[in-house]
Amino acid sequence: MTPVSAGPVTVRTSEGARMILTALIAVLLLVLAGCACVLWAARGGPRWTHAVAKATVAAGHLASTLLRPGRSGTRSGSDSDDGGSD
């Protein structure tokens, strides 16, 4: 672990945590660049911005679909046991 000085407090970070932080920052930068391309393409930017904008919107829809709660199976008013009293 590498000690990191944060003012009067010294924090120890592991290499794994540093790699995760680096990956998260990289993803954040890609998201911001994709959003910038969407805006630029909407204002009539170069052809490559339209391609990047389409990919960004598609990735957003995919992420939204994957993060949405499952719709398969039972609905909220069905016969499932929800722990309530009868």
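For the structure, see preceding data.
Given the structure is predicted, the values throughout are model-derived calculations rather than measurements.

A.B. asks: Honestly, the overall build of the protein chain in this entry has me stumped. Any pointers?
C.D. replies: Scanning the protein chain for helices and strands turns up two helices and two strands. Burial analysis of the protein chain (86 residues in total) assigns 7% to the buried set. Of the contacts formed within the protein chain by residues at least 6 apart in sequence, a portion of 0% connects residues at least 24 apart. Entry remark: accessible area of the protein chain is about 7,600 Å², with carbon and sulfur atoms responsible for 65%.

A.B. asks: Which parts of the structure should I look at to understand the side chain of Thr49?
C.D. replies: Following the sequence through the fold, Thr49 ends up in helix 2 (residues 47–67). Among the polar contacts listed, one links the side chain of Thr49 to the backbone oxygen of Pro46, at a separation of 2.5 Å. With residues near it in sequence (within four places) discarded, Thr49 still touches Cys37, Trp40 and Ala41.

A.B. asks: In this structure, what is going on with the state of the cysteines? I would like to understand it.
C.D. replies: Linking two cysteines covalently through their sulfur atoms gives a disulfide. Applying the stated rule across the entire model yields zero disulfides. Unpaired in this structure, Cys35 has its nearest cysteine sulfur neighbour in Cys37, at a distance of 9.5 Å.

A.B. asks: Help me out: how do you make sense of the packing of aromatic side chains in this one?
C.D. replies: Within a pair of aromatic rings, the relevant descriptors are the distance that separates the centres and the angle that separates the planes. Tallied over the entire structure, the rule returns one aromatic pair. Look at Trp40 and Trp48: their rings are 5.5 Å apart centre to centre, the planes differ by 90°, and that puts the pair in the edge-to-face class.

A.B. asks: Could you clarify how one ought to interpret a nonpolar patch on the surface in this entry?
C.D. replies: Taken together, the side chains of Leu21, Ile25, Leu28, Leu29 and Leu32 present a nonpolar region at the surface, about 490 Å² in accessible area. Locating Ile25 in the fold gives a position in helix 1 (residues 15–42). For Ile25, a relative accessible area of 43% puts it in the partly exposed group.

A.B. asks: Quick question: what am I supposed to make of the packing of helix 1 against helix 2 here?
C.D. replies: The relative placement of two packed helices is expressed as an angle between their axes plus a distance between the axes. Axis separation between helix 1 and helix 2 bottoms out at 8 Å; the angle between their running directions is 125°. Put simply, helix 1 runs oblique to helix 2. Both helix 1 and helix 2 take part in a crossing whose hand is left-handed. Residues Gly34, Cys35, Cys37, Val38, Trp40 and Ala41 of helix 1 touch helix 2, and the partners they reach there are Trp48, Thr49, His50, Val52, Ala53, Thr56 and Val57. For the contact of helix 1 with helix 2, the per-class residue count stands at nine nonpolar, four polar and no charged.

A.B. asks: It is not clear to me how helix 1 should be interpreted in this structure. Could you clarify?
C.D. replies: Three- or four-residue spacings in an α-helix give side chains the same orientation, since the helix completes a turn every 3.6 residues. The terminal C-alpha atoms of helix 1, which comprises 28 residues, lie 41 Å apart, in line with the 40 Å expected from a rise of 1.5 Å per residue. By the burial criterion, the buried members of helix 1 are Gly34, Cys37 and Ala41.

A.B. asks: What exactly am I supposed to notice about the environment of Ala36 here?
C.D. replies: With respect to the element layout, Ala36 can be found in helix 1. In sequence terms Ala36 and Ala53 are 17 residues apart; their C-alpha atoms lie 8.5 Å from each other.

The rules we used
Residues numbered from 1 in each chain as written. Predicted model: local features only at pLDDT ≥ 70, side-chain atom pairs only at ≥ 80, totals over all residues. Heavy atoms only, no water. Helix = DSSP H or I, 4+ residues; strand = E, 2+ residues; numbered from the N terminus. Buried < 20%, exposed > 50% of the residue type's maximum accessible area, 1.4 Å probe, protein only. Contact = heavy atoms within 4.5 Å. Areas by Shrake-Rupley, 256 points an atom, 1.4 Å probe, with all protein chains shown as cover. Polar contact = N/O pair within 3.5 Å; in protein donor to acceptor, adjacent residues only side chain to side chain. Disulfide = S-S within 2.5 Å. Phe/Tyr/Trp six-rings, centres within 6.5 Å; stacked < 30°, edge-to-face > 60°. Patch = residues over 30% accessible without salt bridge, like charges linked within 9 Å, V, L, I, M, F, W, Y side chains within 5 Å. Salt bridge = Lys/Arg side-chain N within 4 Å of Asp/Glu carboxyl O. Axes fitted to C-alpha atoms, helices over the stretch in contact; angles between N-to-C directions. Parallel < 35°, antiparallel > 145°, perpendicular 65-115°, else oblique. Left-handed = near helix turned anticlockwise from the far one by under 90°. Nonpolar A, V, L, I, M, F, W, Y, C, P; charged D, E, K, R; others polar. Expected span 1.5 Å × (residues − 1).

Any functional reading would require information beyond the geometric quantities listed.
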